[in-house]
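Notes for the structure review
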Amino acid sequence: MQFQEFKIDNLEGFPKELERLLAKQLDSIDKITKSDDISYAGVLKPLQDLDEELENFFTPLSHLNSVENSEETQKAYELSLPQLSKFSSTIAQNEELFHKIKKITSTDLEAKKVIENDIRGFVLAGAELPLEHKKELEEIDMRLSELSNIFSQNLLDATNEFEMIIEDKKDVAEIPASDLAQAKTEIDGKTVYKFTLQIPSYLAYMTYGTNRKYRQEISKAYVSRAPKNSDVIDELLKLKYKKAQLLGFDSFAEYSLATKDANSIDDVTNFLEELGDKALPKAKEELEELKEFALRIDGIDDLHGYDVAYYSEKLKKEKFDFDDSMTKPYFEQSKVLRGLLDVVSELFDVEFREVEVKVWNKKVKTFDIYRVGELAGRIYFDLEARKEKRGGAWMHDWETHFVDSKGEQHLPSAFIVCNFSLSTDDTPSLLRHDDVVTLFHEMGHGIHHLFGKCNERSISGINGVAWDVVEFPSQFLEAFAYEKPILKRFAFHYETNEPMSDELLDKIKDTKNYQASLGILRQVEFSLFDFNLHKKLYQGDEVQELLDGIRKKTSLLPVPKYNKFQNGFAHIFAGGYSAGYYSYKWAEVLSADAFFECIDENGFNQEKADGYQKYILNRGGSEEMSELYKKWLGREPKVESLLKLYGIEV
Ligand SMILES: [Zn+2]
């Protein structure tokens, strides 16, 4: 099969075309549902063809809306979304189809997994519940989404409510010029500096604010935001608990794990506790060093939470004397990209050939991927910032590798999008080291999708990969971006072509590891709080008591009573991370462990990299990731590898 051509001829007519496509698909689904055929080939194969058809059609619009946003794309997108959500809920409620899928059997491993996932999807949407419970579930889901919104809104209002005005210039003497320019304002003809709880402003004062009293003030405002949210939390917890019970689970944590790689409540809890225990001794040392430093330079003998960012930054400067501007001239965008493609080519024995195809912007670079001389996929890089592009960086999968119901093979394609600095005719785009890391990270997601070799679409590439392991391949590749031998391949000064010095290369890694144990401990605190909170029903003061209990171990400084961190924990109360925040670290253990297998002193361990490709990248969501991992290495990943990645010895 050829790749799709990237184009939308008629944006205005797009929603109408979508309407026609969805109607046609519903018709096909209806025919499949009503037929007597209960074979995999007669039901689930054609259903996956339809998925690909819809994805191929819709992705150009959703992509365009993110990277070349305009009133036209917005309009087409807004008119399309409700159609899509109606379409998917129609399918989720198609019980006839559900009962039919339950009858399908197959001896093929991939097909079995597809059947299993589909049934699970229906069951978790309530397909097996009696009518009254179905209604109840629907009401709970509606109220849950309202509550998430209220939580965010309360947080936003509280964030916008506060401001801190500083008049004396010496209290802002250490704030970097760009942050200071943002803070500078006039009140009654007088120049003052205004700091708010918006993250950049808040962090600027916490990190560089000279006056301790002001640090305390803004910190207190930040951690005591949105007290109204404590009631919202109670209701959210109650409804999530109820939802889990309706669907036959003991707790929401158990419900959450039903679709994740982690197998049991104990597995997750033990993992988090082990990680916390192992990071603790080093974290104590890191904090001791910081306390000594604050005492030495400012006579502070009672270091508080609101001092940590400020003294950490100063200590970092004293230890490393290092910032982005020193490495930036060595990371020229096109060289970095070439370097990345070379690394991936070597590791996984593929070839990238640049091709001229239809794209949405002239800066986009497209490559076809060849494996042993055979065309295997296509990747688009859209790396530079522009005002029509949404911020951040991401990988967006378009086509998927699979074999359709006619026996035809489809090849995968994906977009890598970043927001790097602009190149012009006379100046190249120069990247911060963080940007280099981002590019490697997104490429990690990219090859997870593009190197997928499954025949069944819904488990091929990144499809069907459990949520707590999707960041595994991305963080795996990211780890390479800190390694000297890797960076040496492309870090050359853009004017002199001088290679980056060993001293700078060392600093890149050392600064990554700076205070890493304290960072891990903090993530463990958030993860344990989130996970334990969903193990049974907690209400009112019990929520705070749970958090206090966890902090006894994870918080090395006393936490003031006014700290109500939970009221701002939007990830779990307004986002999709409930009983899933542990995923970050869970996936990172796999990444770190796999990374150390694939490198050795001389460079890459080719045999292990082959295995990584064969067992992990090629297999997509065809089996549980932990199973695939065991098949690859014959063992489970080690928590120690994660600590080793940050230079922590245990
Ligand atoms: Zn990612």
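Rules used in this analysis
Residues numbered from 1 in each chain as written. Predicted model: local features only at pLDDT ≥ 70, side-chain atom pairs only at ≥ 80, totals over all residues. Heavy atoms only, no water. Salt bridge = Lys/Arg side-chain N within 4 Å of Asp/Glu carboxyl O. Helix = DSSP H or I, 4+ residues; strand = E, 2+ residues; numbered from the N terminus. Buried < 20%, exposed > 50% of the residue type's maximum accessible area, 1.4 Å probe, protein only. Donors = N, O, S within 2.8 Å, 3.2 Å for Na, K, Ca; no water. Tetrahedral: all angles 85-135°; square planar, octahedral: opposite > 155°, others 65-115°. 1 Å grid on protein atoms, 1.4 Å probe; cavity = no way out; pocket = protein on both sides within 12 Å on 5 of 7 lines; lining within 4 Å. Points joined across faces, edges and corners; volume = space filled by probe spheres on them. Nonpolar A, V, L, I, M, F, W, Y, C, P; charged D, E, K, R; others polar. Pairing = 2+ DSSP bridges. Axes fitted to C-alpha atoms, helices over the stretch in contact; angles between N-to-C directions. Contact = heavy atoms within 4.5 Å. Phe/Tyr/Trp six-rings, centres within 6.5 Å; stacked < 30°, edge-to-face > 60°. Lys NZ or Arg CZ within 6 Å of the ring centre and 35° of its normal. Expected span 1.5 Å × (residues − 1). Bend = angle between axes of the 7 residues up to and from the residue.

Scanning the model with the defined rule gives 54 salt bridges in all. Linking Lys190 and Glu167 is a salt bridge whose minimum nitrogen-to-oxygen distance equals 2.9 Å. Of this pair, Lys190 sits in strand E3 (residues 190-196) while Glu167 sits in the loop between strand E1 (163-166) and helix H7 (177-183), placing them 23 residues apart in sequence. Here Lys190 falls in the partly exposed class, since its relative accessible area comes to 44%. Judged by relative accessible area, which is 49%, Glu167 ranks as partly exposed. Here Arg432 makes a salt bridge to Asp435, at a shortest N to O gap of 3.0 Å. Judged by its relative accessible area of 32%, Arg432 is partly exposed.

As a further point, take the coordination of the zinc ion. At this site the zinc ion is bound by His441 (NE2), His445 (NE2), Glu471 (OE) and Glu471 (OE), with donor distances of 2.1 to 2.8 Å. One can describe the site at the zinc ion as irregular: its four donor atoms subtend angles covering 51 to 139° at the metal. Site description for the zinc ion: donor spacing in sequence, H-x3-H-x25-E. Separated by 26 residues along the polypeptide, His445 in helix H16 (residues 433-450) and Glu471 in helix H17 (residues 471-480) bring together distant segments of the chain. Among the residues examined, Glu471 registers a relative accessible area of 26% and is labelled partly exposed.

When its volume is computed, the second largest pocket comes out at roughly 1,200 Å³. Asp51, Ser88, Ile91, Asp118 and Gly121 are, among the 34 residues lining the second largest pocket, the residues nearest its centre. Those elements that provide at least two residues to the lining of the second largest pocket are helix H1 (14-34), helix H2 (40-67), helix H3 (71-92), helix H4 (95-103) and helix H5 (109-124). Considering each element in turn, the lining of the second largest pocket owes the most residues, ten residues, to H2. Its residues assigned to classes, the lining of the second largest pocket comprises 17 nonpolar, twelve polar and five charged.

Here five strands make up an open sheet; going across it, the order is E4-E5-E6-E10-E7 and the pairing mixed. A single partner strand is all that each edge strand has here, and the edge strands are strand E4 (350-355) and strand E7 (394-397). Each strand axis lies, on average, 25° off the axis of its neighbour in the sheet, ignoring direction. Direction of pairing for E7 relative to strand E10 (residues 413-420): antiparallel, over a ladder of four bridges. Bridge pairing links His396 to Phe415 in E10. Most of the contacts of H2 go to E7, to which it runs at about 160°, and overall it touches strand E6 (374-384), E7 and E10. Its contacts with the sheet place H16 against E4, strand E5 (365-371), E6, E7 and E10, and it is angled at close to 170° to E10.

Attention shifts here to the pairing of E6. Residues in a regular strand project their side chains so that they alternate between the two faces of the sheet. The buried count for E6 comes to nine of eleven residues, which makes it a mostly enclosed element. Note that E5 and E6 share seven bridges and pair antiparallel. Considered in E6, the bridge of Thr366 is made with Tyr380. From the end of E5 to the start of E6, which pair antiparallel, there are two residues, and Val372 there has a positive phi angle of about 40°. Pairing of E6 with E10, which is carried by six bridges, proceeds in the parallel orientation. Bridge pairing links Phe381 to Ile416 in E10.

Attention now goes to the sheet that holds E3. The strands making up a sheet associate through hydrogen bonds between their backbones, and the pairing can be parallel or antiparallel. Taken together, the three strands give an open sheet; going across it, the order is E1-E3-E2, and neighbouring strands pair in antiparallel fashion. Each end of this open sheet is capped by a strand with a single partner; those strands are E1 and strand E2 (184-187). Within the sheet, the average angular offset between the axes of one strand and its neighbour, ignoring direction, is 45°. In the sheet, E2 pairs with E3 via four bridges, with the strands oriented antiparallel.

Mapped onto the secondary structure, His493 falls in the loop between helix H18 (484-490) and helix H19 (502-513). Ignoring any residue separated from it by four or fewer positions in sequence, one finds His493 in contact with Pro329, Tyr330 and Glu498.

This part covers the packing of aromatic side chains. This structure, assessed with the given rule, holds 49 aromatic pairs. Centre to centre, the rings of Trp360 and Phe415 are 5.3 Å apart; their planes meet at 85°, and the pair counts as edge-to-face. Note that Trp360 is positioned in the loop between E4 and E5 and Phe415 in strand E10, a separation of 55 residues in sequence. Here Phe415 falls in the buried class, since its relative accessible area comes to 0%. With a centroid separation of 4.8 Å and an interplanar angle of 10°, the aromatic rings of Phe526 and Phe565 are classed as stacked. Separated by 39 residues along the polypeptide, Phe526 in helix H20 (residues 516-533) and Phe565 in the loop between helix H21 (541-554) and helix H22 (570-573) bring together distant segments of the chain. Each member of the pair Phe526 and Phe565 is classed as buried. Over the face of the ring belonging to Tyr214 we find Lys213, whose NZ or CZ atom lies 4.6 Å from the ring centre.

Helix length check: H2, at 28 residues, gives a terminal C-alpha distance of 38 Å against a target of 40 Å (1.5 Å per residue), a fit within 8%. Of all the bends in H2, the greatest, near 35°, is centred on Phe58, and the proline Pro60 appears no more than four residues after it. The element H2 is extensively covered by neighbouring structure, given that 23 of its 28 residues are classed as buried.

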